[in-house]
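What follows is each chain in one-letter form.
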Amino acid sequence: MSSWLDYTINGLIVGNVYALVAVGLALIFGVSRLINFAQGSIYLVGAYIGWVAVVQLHTPLPLTIIFVAVVAALVGLIIERFGLRPLQNSVRIAPLLATIGISFVLDQLVMLTFSPNPRALPSQLPDVRFQVGGGTIGPLDLLIAGVGISSALLLFVFLRYSKLGWAVRAASQDRDAAMQMGVDVNRVNQAVFGIAAALGGVSGLLVGMYYNQIDTAMSLQATLKGVVAEVVGGAGNVPGAVVGSLLLGLVESYGVAVFGTSYRNLFAFLLLVVVLVLRPNGLFASARQAPPEPLTGTFIAPSRPVRIPRWALLVAVAVFAILPLLPVSFYVLQTLINAWLLGMLALSLTLVAGTIGQVSLGHAALLAIGAYTSALLSLTLSVPVGLAIIAGGLMSAALGTILISPSFRLRGHYVSIATLAIGEIVSLVILNWESVTRGPIGISGIPPLSLFGYDLIDPKSVYWFSFTVMVVLALLQARLLSSHLGRSFRAIRDDDIAARAYGLSLNRYKSLAFIFGGFAAGVSGGIAAHLYSYINHETFNTQQSILALTVVILGGLGNVVGAVVGAVALVGLPEVFRIAAEYRILIYGIVLLLLVRFRPQGLLGTI
Amino acid sequence: MTTGAPEPLLALTNVNTFYGQAQVHFDLSITVGRGHIVCLLGGNASGKSTTMKIILGLVKPRSGEVTFDGASLIGLTTPQIVRRGIASVPEARRLFADMSVRENILMGAFVRNDREAIARDLDKMLTLFPKLGQRLSQRAGSLSGGEQQMVAMARALMSRPRMIVMDEPTMGLSPLYVDRVLELIRTINQEGVSVFMVEQNASLALEIAHEAYVLQTGKIVLSGSARTLKDDPRVRDAYLGGSEAA
Ligand SMILES: Nc1ncnc2c1ncn2[C@@H]1O[C@H](COP(=O)(O)OP(=O)(O)OP(=O)(O)O)[C@@H](O)[C@H]1O
Ligand SMILES: [Mg+2]
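- Identification of chain B as ABC transporter ATP-binding protein from Bradyrhizobium rifense is taken from an unreviewed UniProt entry.
- One UniProt comment on chain B, placed under Function (unreviewed entry), says "Involved in beta-(1-->2)glucan export. Transmembrane domains (TMD) form a pore in the inner membrane and the ATP-binding domain (NBD) is responsible for energy generation."
- The annotation that UniProt attaches to chain B under Sequence similarities (unreviewed entry) is "Belongs to the ABC transporter superfamily."

- The name given to chain A in an unreviewed UniProt entry is ABC transporter permease, with the source organism recorded as Bradyrhizobium rifense.
- Quoted verbatim from the Subcellular location (unreviewed entry) heading of the UniProt record, the comment on chain A is "Cell membrane".

**Here we look at the sheet that holds strand S8 (residues 194-199) of chain B**
Residues and elements named next belong to chain B.
So, step 1. Pairing in this open sheet of 6 strands is mixed, and the strands run S6-S7-S8-S3-S9-S10 from one edge to the other. Looking at which strands have only one partner, the edges of the open sheet turn out to be strand S6 (86-89) and strand S10 (219-225). Taking each pair of neighbouring strands and ignoring which way they run, the sheet shows an average axis angle of 15°.
So, step 2. Both S6 and strand S7 (residues 163-167) contribute to a ladder of 4 bridges, which runs parallel. Bridge pairing links Val89 to Met166 in S7.
So, step 3. Sheet contacts for helix H1 (residues 48-56): strand S3 (37-42), S6, S7, S8 and strand S9 (211-216); angle to S7, the most-contacted strand, approximately 150°.
So, step 4. Contacts from helix H6 (residues 175-190) reach S3, S7 and S8 within the one sheet, and its direction differs from that of S8 by about 155°.

**Quick look at the interface of chain B and chain A**
So, step 1. Counting residues at the interface gives 24 residues for chain B, matched by 18 residues for chain A.
So, step 2. Each partner contributes to the roughly 1,900 Å² buried at the junction of chain B and chain A, and carbon and sulfur atoms together form 61% of this total.
So, step 3. Connecting chain B to chain A are 3 salt bridges.
So, step 4. Where chain B meets chain A, there are 9 residue pairs in polar contact (both at pLDDT 80 or more).
So, step 5. Among the elements of the structure, helix H2 (78-84) and helix H3 (101-107) of chain B are those that each provide at least two residues to the side of chain B that touches chain A.
So, step 6. Looking at which element gives the most residues to the side of chain B that touches chain A, the answer is H2 of chain B, with 4 residues.
So, step 7. Here the residues of the side of chain B that touches chain A sort into 13 nonpolar, 4 polar and 7 charged.

**Focus: the packing of aromatic side chains**
So, step 1. Scanning all chains against the criterion turns up 14 aromatic pairs over all chains.
So, step 2. For the ring pair Phe320 of chain A and Trp340 of chain A, a centre distance of 5.3 Å and an interplane angle of 85° mean the geometry is edge-to-face. On the criterion of sequence distance, the pair formed by Phe320 of chain A in helix H12 (residues 310-322) and Trp340 of chain A in helix H13 (residues 330-355) is long-range, its members being 20 residues apart.
So, step 3. Centroid distance Trp340 of chain A to Tyr463 of chain A: 6.2 Å. Interplanar angle 70°. Geometry classified as edge-to-face. One end of the pair, Trp340 of chain A, is in helix H13; the other, Tyr463 of chain A, is in helix H18 (residues 459-482), with 123 residues separating them in the sequence. Tyr463 of chain A matches Trp340 of chain A in its accessibility class, with the two residues each being buried.
So, step 4. The positively charged end of Arg119 of chain A is found above the aromatic ring belonging to Trp51 of chain A, 4.4 Å away from the centroid.
So, step 5. One cation-aromatic arrangement involves Lys163 of chain A over Phe110 of chain B; the distance from NZ or CZ to the ring centre is 5.1 Å.

**A few points about helix H1 (residues 4-32) of chain A**
Residue and element names in this part refer to chain A.
So, step 1. With 29 residues, H1 should cover 42 Å at 1.5 Å per step; its first-to-last C-alpha distance of 40 Å lies within 8% of that length.
So, step 2. Maximum bend of H1: about 30°, positioned at Ala19.
So, step 3. Among the 29 residues that make up H1, 24 are buried, leaving the element largely enclosed by the rest of the structure.

**Focus: the sheet that holds strand S1 (residues 10-19) of chain B**
Residue and element names in this part refer to chain B.
So, step 1. Taken in spatial order, the 4 strands line up as S2-S1-S4-S5 in an open sheet, and their pairing is antiparallel. Strand pairing shows two members of the sheet lacking a second neighbour, strand S2 (22-32) and strand S5 (71-72), which therefore form its edges.
So, step 2. As paired elements, S1 and S2 share 7 bridges and run antiparallel to each other. Residue Thr17 lies in a different strand from S2, and its bridge partner there is His25.
So, step 3. Packed on one face of the sheet, H1 meets S1, S2 and strand S4 (63-68) and runs near 115° to S1.

About the cut-offs
- Residues numbered from 1 in each chain as written.
- Chains lettered and ligands numbered in written order.
- Predicted model: local features only at pLDDT ≥ 70, side-chain atom pairs only at ≥ 80, totals over all residues.
- Heavy atoms only, no water.
- UniProt positions renumbered as here; feature names shortened; annotations may be inferred.
- Pairing = 2+ DSSP bridges.
- Helix = DSSP H or I, 4+ residues; strand = E, 2+ residues; numbered from the N terminus.
- Axes fitted to C-alpha atoms, helices over the stretch in contact; angles between N-to-C directions.
- Contact = heavy atoms within 4.5 Å.
- Buried area = accessible area lost by both parts, 1.4 Å probe.
- Salt bridge = Lys/Arg side-chain N within 4 Å of Asp/Glu carboxyl O.
- Polar contact = N/O pair within 3.5 Å; in protein donor to acceptor, adjacent residues only side chain to side chain.
- Nonpolar A, V, L, I, M, F, W, Y, C, P; charged D, E, K, R; others polar.
- Phe/Tyr/Trp six-rings, centres within 6.5 Å; stacked < 30°, edge-to-face > 60°.
- Buried < 20%, exposed > 50% of the residue type's maximum accessible area, 1.4 Å probe, protein only.
- Lys NZ or Arg CZ within 6 Å of the ring centre and 35° of its normal.
- Expected span 1.5 Å × (residues − 1).
- Bend = angle between axes of the 7 residues up to and from the residue.

Next comes the structure, spelled out in structure tokens:
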């Protein structure tokens, strides 16, 4: 495997696989203006259904493909009917959050059923390779190309010549007008989810066979790759999604050829960010084409926030402050320390996602920046830990804001995609920048927390330290929000066009929000690094970003007290009910789904 | 009340509509007699388009009744209402921009399954709108405003509706096209299709309408036969003067 032709073939084959995912995303986006974050989970389900078929049922290949397509389509139909249709009249971001919740639930169900260990997925095809020019090509490559091309043809015929296909096209161009022609949009959604899921499931099967390995981490990667390909091709543009996928496959393949495997994903996400910033309508949109309907990203269900009297807050703070003096177990303190750390992250996210309306899906990257900065400063330059943590916060504030600033002009779902991609980029840079971050080995032997030369090792002092920091950050944030700044933030969230008309500089306010939020998250990451004493590029992952988002929605978006209450609830309740660790993510996913559906304003109400 | 037929085809009775907290309709009552052209006049933001959306089920009223041919439309979905025989020419046309003219017109027949009759009706549209003949395979989004209006009207007729609702069908058209559109509305009506149209251009609308209503911030302030309204000084001052100057 070294010739350029080999890399080209590889790129096109992988691109074909991406196309199966991206076309589904494009169909769904076209009809519902929704980025379906559960698409990768269906791909995962497809891979494992395929494994069951091949390894346990010993079905022949054509039957395996049909079986996977049918089961995946059913999963897609269930998602549409029970996960998304009830949200039709909700705020725009609700279906997006629901697909995130659904993807958590599906991934965890697969993991619990099949265990997270990788499995082999044999392709059932003879292992021969044919010489083609300077490269080689095998039966599996041909199969993938064949499935890709025939799916594209089938889809073309469906859209062009069937009545339902016409309805899909009409609905994706003008939903209301299509309804006025008698098109039942629910049936269109069903069709689109069914098709997208069938294609996604088959894609998962083929990828599993291609690498002869499947594992549960495939899901998020597939969603991300599909989204990249779709956005590059122009959101909602089906042929564009195919071209975008092939392009992505080639870029990755050549990138790997030149720089090595660990860079593969970095190229994908850089491509995404560049396209989002420079050509948000995709590479092929004509200049005069109107941008896709503005996807206002606010998640503000009308609500009257619960007013908690000041004395009650003071009592609560006092109780938690003296808690370590009471006969409580080490375990309780440990749990609450985790809650305070998550609370700081939630403070940050509730400001960014709630108060100013930029729903970030990559917030864990801010933790990582703070953690690495603090760890490296204290370890290599012997900076005192207290100062190093503050430096971590500052670094997160600065770097986070700089990284996100090109995306300030994006709105709605695109903000979420961009933040997700930037989060991945940070993690990949940490992985690849070995001279500084020590790459995959991670950083060990990070000195423990200390203050003025005294090590804080026993749980009580760690508890007090983290609790104090969180309370101070919360007070600062509450102060910030009650000033005119808070009002400007909310004005931008509620109507950025009007806010701009009033002369508010969106970039400046968004920067301020990210600077403040970045600091809080960076400090949380810094403390965590000294607490864990070991971190690597996976310590702060997308799962934590989503967890933080769940906390923030649980508490009520924009609600400072809510962020802390949400963190205590989400960290504490699984402990109280002694829920086994492997079920927790599943529970979080379900909590997110239920919240979006039944109480989008959270426990304490949005502000 | 109007001089409509004994049993109206469409009736809105005491409709109250809200967008969030803001009330858009106050006890709105309108009837459209069988075979009539009824026009709803009113200034910007008076709630005209919202009235169309109520009829089509795109917006739900908070209270009140909407009946078509004696049966209530409340609670029906838009596609169900369309299948009852109401077609629409929406505000600003709303064609399927990336589909061809032909596909757009055929989308109008979405609720029908009689292939041969659909093909015959398509031919009929081309005699009614001769200009569209050369444009059939062109992208609908690339047509001029007047041509788009023709496509939107042909699309609405393709469902063989009993009633067509039109939102400002003459908006943004040159005088030549305005006359053509009004002429076509009259032709359509003479073939038995009732018409409910929203207009700002009162003098033109009153030329072809049988009855008219005047809507002001969600309330009907005047109604009656088109002939009497045309001479009514209040209509003349409020609408005819303004629109003729424009
Ligand atoms: N989807 C909506 N959400 C909230 N308010 C709306 C919505 N649609 C219309 N409105 C408001 O309802 C009022 C009536 O709107 P409508 O579109 O019915 O007016 P109109 O008479 O058709 O005006 P125009 O002549 O400008 O077309 C306006 O104040 C408008 O701002
Ligand atoms: Mg209007």
